[in-house]
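The lines below spell out each chain.
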Amino acid sequence: MRYVALLCLIASTSLAQPVTETQRLTSLCKVWGFLKYYHPTVATGKHDWDQQFIQLLPIVQQVETRQQLNAVYARLIDSLGVVKRCRKCQEATSTTLGRQNLDVSFLTDSLLFTEDVRNRLTYLKDNRNQGTNFYVKQDKLIRNTSFENEKVYADMSIPDQPYRLLALFRYWNIIQYFFPYKYAIDGGWDNTLLNMIPVFQQATSPEAYQKALYQLVASIKDSHGFMMSTDKTRCLRCELGTLWLPFELKLINDKAVITRFYADPLPIPPGLSVGTVISAIDGKSIRAHIDRIRPYIAGSNEAVVLRDVRGFIGVSKAREAQLTIDRGNGDTTVTVLRHPYHAFGKSTSQSINARHPVSKWLTDSTAYVNMGHLTQRQIDSVMTPLLPARTIIFDLRNYPKATLLLVGWYLTNKRSTFAQFTRANLTFPGTFDKMGSSRLPPAKGKLFAGNSIVLVNEDTQSQAEFTAMAFRSADRVTLVGSTTAGADGNISWVPLPGGYRTAFSGIGVFYPDGRETQRVGIVPDIVVQPTIDGIRAGRDEVLDRAIELSRGN
């Protein structure tokens, strides 16, 4: 009955100060999300806040004036009950908190909100929820945010428009209040909301809705922006096609270079080899393919965007691919068959660096450790025989197995701090608090007295970047390679309507002096990039440079 009364109120209000559809929807997104995390009654979970949105949406869409819109919000706030004054909130508001991310400027928008509604919203900010929140939690160990109570509506293969907007508004508010790097989003987070509303409104097919989700997640530029489906039979990114080229590529100077073939069980296509340079696929330049896919790739920096784009530039619905091959003295065209992804077996999931063993001697005085293979149980058996080495090369172009602190026992005899953290303050959503630091432990036994060289590139992500930071704090360590993925810290998962889940970097990770790692990555001391000539020759140029350094060159 409350909403019937509201509709009558809307119909009887004078038509002064009209509001646009954009103003109506953006204000609903912000007010609904603000109440979700700030209002003490909503935070308990007693109200089904998704359904509150579904019921409010058609009412807000029908309003025509500023006065009508504010009447809806005033009635909504009143329906939630009286909020007691919070002395603790007043004290916290006056203290210095991590507010780099805090943006509740919409609360004082006099062009959209009346003085009465502005006062009600500001009162809630100053007397906000201080208890637990049903919609956001933190684990006790790492204090990473969790949104496990959000509904996924997995039975909706294509959510209708209200639930598509629910997906957008839920994600937008989670990033608004709990993404530690929101302040760094290109163009501002408000503009993303404005741009994405029509995209979600028009996403009327399963493929279009999925693309809208990928585009939304890509807008925060976080390499942790994975997308998963609760339906394991659902094909992700299949609007691009379901047939793949039978080889791996690396993008260099707007050209695609073949780095390996998925030759087991498939034969290598004739006329191609490792190091073959492709300048166009199906008549479109490599740059055109990159630009076509880029808006849907969640990459913290350009190196990661190119890392993730390369797998999709040759995907198509067409069985045959026309490749324009750059031979150096002219182009030729080669026809290659595409295949379903499952035809390649396990070869696609194996890193090119997986060919290296856990450890080996490269020269009489230089040893090698593959951090992607090294397990915690192997630390002592691997490290002890290598202690006489003059140089140990640690390969971090992979994902390590939580071994950095154990390896650290062999590298330093001092407690070296290498990272500090921030966490979301759930009692003041949008602010972040410092949360301690990490340091290498002192040596437990014999200390490695030689030099360490750490290999990094765009595949060095998350825990691997954290490990690189730890190595850098030890003595006599040099990082060689290229900038890392720029997505450090533990991830938080966000359930979305339609049976989707996506993630983002949930805690802030910084150097001890406050310098950022997110989007920047870990920048090596010596930059080495693979070249076309090196790929053709089958050389690992980053490792080769590290060996030169170990010899004093």
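Now for a description of the structure that goes with this document. (Residues numbered from 1 in each chain as written. Predicted model: local features only at pLDDT ≥ 70, side-chain atom pairs only at ≥ 80, totals over all residues. Heavy atoms only, no water.)

Here we look at the packing of aromatic side chains
Moving on, step 1. Enumeration over the complete set of coordinates arrives at 30 aromatic pairs.
Moving on, step 2. For the pair W244 and F312, a centre-to-centre distance of 5.7 Å together with 50° between the ring planes defines the contact as tilted. Residue W244 is located in strand 4 (residues 243-244), and its partner F312 is located in the loop between helix 12 (302-309) and strand 9 (320-326); the two are separated by 68 residues in the primary sequence.
Moving on, step 3. Among the aromatic residues, those joined into a cluster by ring pairs are F34, Y37, Y38, F106, F147, Y177, F178, F179, Y181, F428, F504 and F510.
Moving on, step 4. The cationic tip of R501 hangs over the ring face of W493; the distance from NZ or CZ to the ring centre is 4.4 Å.
Moving on, step 5. The ring of Y511 carries R515 above its face, with NZ or CZ at 4.1 Å from the centroid. (Phe/Tyr/Trp six-rings, centres within 6.5 Å; stacked < 30°, edge-to-face > 60°. Helix = DSSP H or I, 4+ residues; strand = E, 2+ residues; numbered from the N terminus. Lys NZ or Arg CZ within 6 Å of the ring centre and 35° of its normal.)

Considerations on helix 7 (residues 115-126)
Moving on, step 1. When the terminal C-alpha atoms of helix 7 are compared, their 16 Å separation across 12 residues agrees well with the 16 Å that a helix rising 1.5 Å per residue should span.
Moving on, step 2. Residues V117, R118, L121, L124, K125 and D126 constitute the buried set of helix 7. (Expected span 1.5 Å × (residues − 1). Buried < 20%, exposed > 50% of the residue type's maximum accessible area, 1.4 Å probe, protein only.)

What about unusual backbone geometry?
Moving on, step 1. With phi around 55°, A402 is a residue other than glycine that occupies positive phi space.
Moving on, step 2. Along the chain, A402 falls in the loop between strand 14 (391-395) and helix 14 (404-408).
Moving on, step 3. The partly exposed category is assigned to A402, whose relative accessible area is 42%.
Moving on, step 4. The phi dihedral of S462 is positive, around 60°, even though this residue is not glycine.
Moving on, step 5. Topologically, S462 is positioned in the loop between strand 17 (451-456) and helix 15 (463-473).

Things to note about the sheet that holds strand 19 (residues 491-496)
Moving on, step 1. Reading across from one edge, 3-20-19 is the order of the three strands in this open sheet, with antiparallel pairing throughout. Since the sheet does not close on itself, it has two edges, and those belong to strand 3 (227-229) and strand 19, each with one partner. Each strand of the sheet is rotated relative to its neighbour by a mean of 30°, with strand direction disregarded.
Moving on, step 2. Pairing of strand 3 with strand 20 (residues 500-505) involves three bridges; the strand directions are antiparallel. Bridge pairing in strand 20 places M227 opposite T502.
Moving on, step 3. The sheet strands contacting helix 8 (residues 161-178) are strand 19 and strand 20, and the helix crosses strand 19 at an angle near 160°.
Moving on, step 4. Each of strand 3, strand 19 and strand 20 is contacted by helix 10 (residues 206-218), which is oriented at about 10° to strand 20, the strand it contacts most. (Pairing = 2+ DSSP bridges. Axes fitted to C-alpha atoms, helices over the stretch in contact; angles between N-to-C directions. Contact = heavy atoms within 4.5 Å.)

By themselves, these figures tell us nothing about what the structure is for.
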